[in-house]
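Chain by chain, the residues:
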Amino acid sequence: MPERVFNFFAGPATLPYDVVKEAAKGVVNFENMGMSVMEISHRSAQFDRMFCETQKNMLEIMGLSEDEYGVLFLGGGASTQFCALPFNFLKDSMTADYVVTGGWSKKAVKEAKFFGNVNIAASSEDSNFSFIPKEFNLTKEAAYVHTTSNNTLVGTQIKDFPETGDVPLVSDMSSDFLSRKLDFGKFSLIYAGAQKNIGPSGVAAVVIRRSWVEQARKEVPTMLSYATHLSKNSLFNTPPSFPVYVVGLVMKWILEQGGISAVEAANNRKAGLLYSYMDDSNDFYRGTAEKDSRSLMNVTFRLPSEELEKKFIAEGIENDLFGLKGHRSVGGCRASIYNAMPYEGVEALVEFMKKFKAAN
Ligand SMILES: *Cc1c(COP(=O)(O)O)cnc(C)c1O
């Protein structure tokens, strides 16, 4: 086995190799303290500096100001945010709008229903979530509008978010967070499990508009209350310290690449290479998402038979291309090509796809 293979898993997923190597140093001796980053107090000056710098860099990458937005690093994954969001903001007799574009959106809806009315503002479930709806049936004075910016399982991505006017716009960006330039200032709350695109599992990033938190329901259990965490700059209790450290290294890596525009350009180039080869393959590799809804992060496709798909996935591993199996709920194949996937990885994949097609 080579020291490094190409990892197309959907999550936990590939990280920049330089980040992995740097993290290994911090695991042994963080900032020359003679202790691991996993061993130091989250109240130490060194940890606090790293933590605040990570928050600051994330906002800088997004083009947001610290005065307007707070960054929280919370445990419980993106899935806990499915329930924290309505707990805080879906107050009695209010309605929240949900745009349902995949399995993760459905899970978010399920939690919201524990707290209040849910209006499905749009859904593509009838066509197996193969596209992103363009029309939204929004509620006047909704508590918020929830979207899933990238649909990890089905390989679609929202290009045009609904125009919500004064209604707060929320997005689960777990699988494409910081992969493309967006007007992040349009959103009142963005959350993302780190393990897809910005770090290891164990932490979710929540970027939240400070003024909205003031309007949150007061009767929320302490640990699920955004006000709790915001008022303590996300250090109310012990944060997931090691995962945040790695997220911090990824933020520095993004800045070194030239920021989000440079990362987006690289992502366009990678996805362009893969999709254009698929489109030229005479339907041997058939994309499952409609073209104008295609994700730049998760590329989903089918081969002519399930047998060939199994063979493709197995031979991929023999060629040091890992994680090409589609999600168990949708089948087929999927190549996740997050920020950290180098262009060479996609080139290697396309070369393998060509050879596989010729041989089968
Ligand atoms: C993976 C994923 C989640 C769930 O994340 P956890 O951190 O495992 O809870 C939620 N939403 C999307 C879009 C995802 O890709």
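Once a new chain begins, its residue numbering starts again from 1 and follows that chain's sequence as written. Owing to the predicted nature of the model, reporting of local features is limited to residues with pLDDT of at least 70; listing and counting of side-chain atom pairs is limited to 80 or more, with chain, interface and lining totals taken over all residues. Computation of side-chain values: all heavy atoms of the structure, hydrogens and water removed.

Asks: Could you give an account of the environment of I158, with specific residues and numbers?
Replies: One can find I158 in the loop between β7 (156-157) and β8 (169-172). The class of I158 is buried, set by a relative accessible area of 1%. Contacts are assigned to residue pairs that have any heavy atoms within 4.5 Å of one another. With sequence-adjacent residues up to four places away left out, I158 is seen in contact with I132, T147, T148, S149 and R180. By definition, any uninterrupted DSSP run of H or I lasting at least four residues is a helix, any uninterrupted run of E lasting at least two residues is a strand, and each is numbered from the N terminus. Classification of residues uses two cut-offs on accessible area relative to the type maximum, computed with a 1.4 Å probe and protein chains only: under 20% is buried, over 50% is exposed, and between them is partly exposed.

Asks: Tell me about helix α3 (residues 77-89), and name the residues and values.
Replies: Helical geometry note: an α-helix holds 3.6 residues per turn, so side chains three or four residues apart project in the same direction. A helix is expected to span 1.5 Å multiplied by its residue count minus one. Across its 13 residues, α3 extends 19 Å between first and last C-alpha, which sits within 8% of the 18 Å expected from 1.5 Å per residue. Here α3 lies mainly inside the structure; 10 of its 13 residues are buried. Listed as buried for α3 are A78, Q81, F82, C83, A84, L85, P86, F87, N88 and F89.

Asks: Which residues make up the sheet that holds strand β4 (residues 117-123), and what values go with them?
Replies: One open sheet holds the 7 strands; their spatial order is β2-β10-β9-β8-β5-β3-β4, and the pairing between them is mixed. Strands with a single pairing partner mark the edges of an open sheet, and in this sheet they are β2 (69-74) and β4. In this sheet, adjacent strand axes meet at a mean angle of 20 degrees when their direction is disregarded. Pairing between strands is defined by DSSP: at least two bridges between them are needed. One ladder, built from 6 bridges, connects β2 with strand β10 (residues 204-209); its direction is antiparallel. When the bridges of β10 are listed, L74 appears paired with A204. What counts as an axis is a line fitted to C-alpha atoms, over the stretch in contact for a helix, and the angles between N-to-C directions run from 0 to 180 degrees. Against the sheet, helix α4 (residues 103-112) contacts β3 (95-100), β4, β5 (145-148), β8 and β9 (187-193), and its axis sits at roughly 165 degrees relative to β3.

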